[in-house]
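Each chain, letter by letter, is given below.
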Amino acid sequence: MANLKTSIHRRAWSLADTYDFIASFITRASQQHNGLSMAHPGQQRFLQVSYIPISRANATRIRKVTRNLSGKHYFHPEAQRNGPQTRSFHDYFVTNLPSSSLHPDSRSSTGPHHKLPRSASRPHVAGAGPSPAAAPPMVGPSRELTVVRIPLRSAKHHFGVSVSRGTRPYNEDTYQAGTLEIPAFAKRAPISLSRGGPSKSNIGGATSADSASGDPQVFYFGVFDGHGGHECSDFLREELHNYVERTAGCFELGSSLKKGKSRERDLGRPSQQHGSGSSEFSEKGKESLEGVGMKGKESVQKEQNIPIKNQDRGFLKPRNSPAIDSEEAHLIESNKPKTVELERALVASWKETVGGYFRRFRPEYFSLPSSTDGSEPPEIPVSIETVLMYAFLKADFDFVTAQARKPDRDTHSDNPLNEDDILGEPSRLSSAKDRIGGPTRFIGGSTASIVLISTPSPTPFWHPASPSTIVVAHVGDTRILLCDTATGLAKPATTDHHPSTPMESTRLRRYAATFVTDSFGEERMSGLANTRAFGDMRSKRIGVSAEPEIRRIELAPAEYSFLVLVSDGVSGTLSDQEIVDVVKEAKTPEQGARDVVAYATEVSNEGDNATCLVVRLGGWERRIEGGMGSMGTKEVRDYRRREALDPRRGRR
């Protein structure tokens, strides 16, 4: 005891001992974590997703259920999410910026400002002569480039989004914006842009960065309008881009820019002809903007599709203009036998699981044998359109089959209420399939409109001198619009999939039982306003499919000013030209999206959920100069706002 007291007095507890005590626990926890990750990698992945510790037996049971749900030819979203190849969605784009622009003292530079070797330079000694002149600042951009990530939602000069639930108690609209890891599908650049590589003498300045695959980044924008709930639209927001990426990987899709030995040139770098302070791309951008042949008011007045004035009811909304014609699909290198096998397996699954309309279902862009004599199908090229068709149908199939496995909330059974709960963890469900659409069966659905933008060179699509290719995949009545720079007119890239559309009525007459008109004058099929949608499992047999309408549009430099994606809460109230004219008056795409949603909710009588996405294109700087500018619908918009402020509006 005396020795113990002596040892205590000899060495008192210090702050260093406290740090050692804490470090021992941190080291032990790190070792236990590393041992778990090495011994049970599957369990570690599940813990990263759930954030709740579970037993080893329950984790094994969950992995078995997930493994049984995945089919032979298909990928299951939950299994792929926990797999090693899964990455989080990139809601940002990657670009190269000069290192000097990332610091506040960009003009200050350390080191000599001359081009002499260090052996030929000597320090100044006081008294040896006149003092040397002050070191000049660095001229031109820095040679060092830094790769930076810029979130799209923060780039208000390039992208803007606004959402409003209107007068509804909850919002069923969702959206997504970012980049995808898929090969480029853009049309190859002309010889003037692709011959030769970047100038090596004056490399520097801001320029776009390539994706991980070496191709220019492919941008992804989508809007989803749910009906009957938000479960389906949430699923599309979180998973549809994953289906597109995994389908491209399963098809072993190649790049459209890898043919030949020519190398795409990034004109954003400085060139010898224009000096180190400017870039060839900026000069070509000015030439592209100045080369747009603007049309006057008289030449576009007859083409404008604006609301018609009526003495009794004010202004009537016109019919939507026809959509832009689609370009032909381009053949891309792929694994054709594997692609055909996957296509046939998916169509066979629809036929066996749902039947009805899908018994004679032949999707466009699929290579399927003839249903009459079984002859070989015609040679159909595998392209990005094929990938989108398969991804949409596969996502819809997974969602519908997941809902069919769940208990119906309208039926009562003798099963216990906690049947799917994990033993000891009542807050968690034991089946991974229940994460698609919630724990109970969801009978609603969602529309979807997505845009993929690809460029032939690393220069971004919003630059005036950059040509680009966009591919639109559309289901339902959400709309995608383009603004023509020369005329200022709205150019639709989608058509509404309503029963009144001739194409849709012809497709479904032989399967639908009745076509009725509701009190608002809208034609409906079996109570649905859309003939194409995700989900809606009770209407699949009569032809309500997620077969997308796909369009490929080639954009010349500065040909279009901006791109707009809206839900029916906006397009159901406003005409296409009104939406475009509101965006024209905004200074940034972010402000344009806010103004469109604010105007739509102000003048709407229905109060539906409203969502608007605005994407800047090459002709943004001259968006208000073509045609009538924003004055074509000025009278209509002023009248609508006056009507909205009228206190007698609700009694009419």
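Going by the structure above, here's the rest.
The rules we used
- Residues numbered from 1 in each chain as written.
- Predicted model: local features only at pLDDT ≥ 70, side-chain atom pairs only at ≥ 80, totals over all residues.
- Heavy atoms only, no water.
- Salt bridge = Lys/Arg side-chain N within 4 Å of Asp/Glu carboxyl O.
- Buried < 20%, exposed > 50% of the residue type's maximum accessible area, 1.4 Å probe, protein only.
- Helix = DSSP H or I, 4+ residues; strand = E, 2+ residues; numbered from the N terminus.
- Expected span 1.5 Å × (residues − 1).
- Arc of directions from axis to C-beta.
- Contact = heavy atoms within 4.5 Å.
- Patch = residues over 30% accessible without salt bridge, like charges linked within 9 Å, V, L, I, M, F, W, Y side chains within 5 Å.
- Areas by Shrake-Rupley, 256 points an atom, 1.4 Å probe, with all protein chains shown as cover.
- Lys, Arg positive; Asp, Glu negative; His and termini not counted.
- Charge placed at Lys NZ, Arg CZ, Asp CG, Glu CD.
- Axes fitted to C-alpha atoms, helices over the stretch in contact; angles between N-to-C directions.
- Parallel < 35°, antiparallel > 145°, perpendicular 65-115°, else oblique.
- Left-handed = near helix turned anticlockwise from the far one by under 90°.

1. Considering the pattern of salt bridges
Here's step 1: This structure, assessed with the given rule, holds 18 salt bridges.
Here's step 2: For Glu238, the salt bridge is made with Arg237, and the minimal N-O distance between the two is 3.0 Å.
Here's step 3: Among the residues examined, Glu238 registers a relative accessible area of 41% and is labelled partly exposed.
Here's step 4: Through salt bridges with shared partners, a single ionic network connects Asp234, Arg237 and Glu238.

2. Comments concerning helix α15 (residues 589-603)
Here's step 1: For α15, built from 15 residues, the straight-helix expectation of 21 Å at 1.5 Å per residue is met to within 8% by its first-to-last C-alpha distance of 21 Å.
Here's step 2: Taken as a whole, α15 has its buried residues at Pro589, Gly592, Ala593, Val596, Val597, Tyr599, Ala600 and Val603. For α15, the buried positions fall inside an angular range of 165 degrees around the axis, keeping them on one side.
Here's step 3: On its buried face, α15 is in contact with β3 (159-164), α13 (568-571), α14 (576-584), β22 (610-616) and α16 (634-645).

3. Thoughts on unusual backbone geometry
Here's step 1: Even without a glycine there, the phi angle at Glu252 is positive, about 55 degrees.
Here's step 2: Examined against the element boundaries, Glu252 turns out to sit in the loop between α7 (231-250) and β7 (270-271).
Here's step 3: With phi around 60 degrees, Ala558 is a residue other than glycine that occupies positive phi space.
Here's step 4: Residue placement: Ala558 occurs in the loop between β20 (549-555) and β21 (560-566).

4. Focus on α16
Here's step 1: If you check α16, its first and last C-alpha atoms are 17 Å apart, about what 12 residues at 1.5 Å a residue would give, namely 16 Å.
Here's step 2: All of the buried residues in α16 are Val636, Arg637, Arg640 and Ala644. The buried residues of α16 occupy an angular sector of 95 degrees when the element is viewed end-on, so they sit on one face. Residues Arg642 and Leu645 are exposed on α16 and point more than 90 degrees away from its buried face.

5. Quick look at a positive patch on the surface
Here's step 1: Among the surface-exposed residues, Lys351, Arg359, Arg360 and Arg541 lie close enough to one another that they form a single positively charged patch.
Here's step 2: With respect to the element layout, Arg360 can be found in the loop between α10 (336-353) and α11 (384-405).
Here's step 3: A relative accessible area of 52% means that Arg360 is categorised as exposed.

6. Regarding the packing of α15 against α16
Here's step 1: It is at 9 Å that the axes of α15 and α16 come closest, and there the two elements cross at 50 degrees. By the angle between their directions, the pair α15 and α16 is classed as oblique. Seen along the crossing, α15 lies across α16 with a hand that is left-handed. Where α15 approaches α16, its residues Tyr599, Glu602 and Val603 are matched on the opposing element by Val636, Arg637, Arg640, Arg641 and Ala644.

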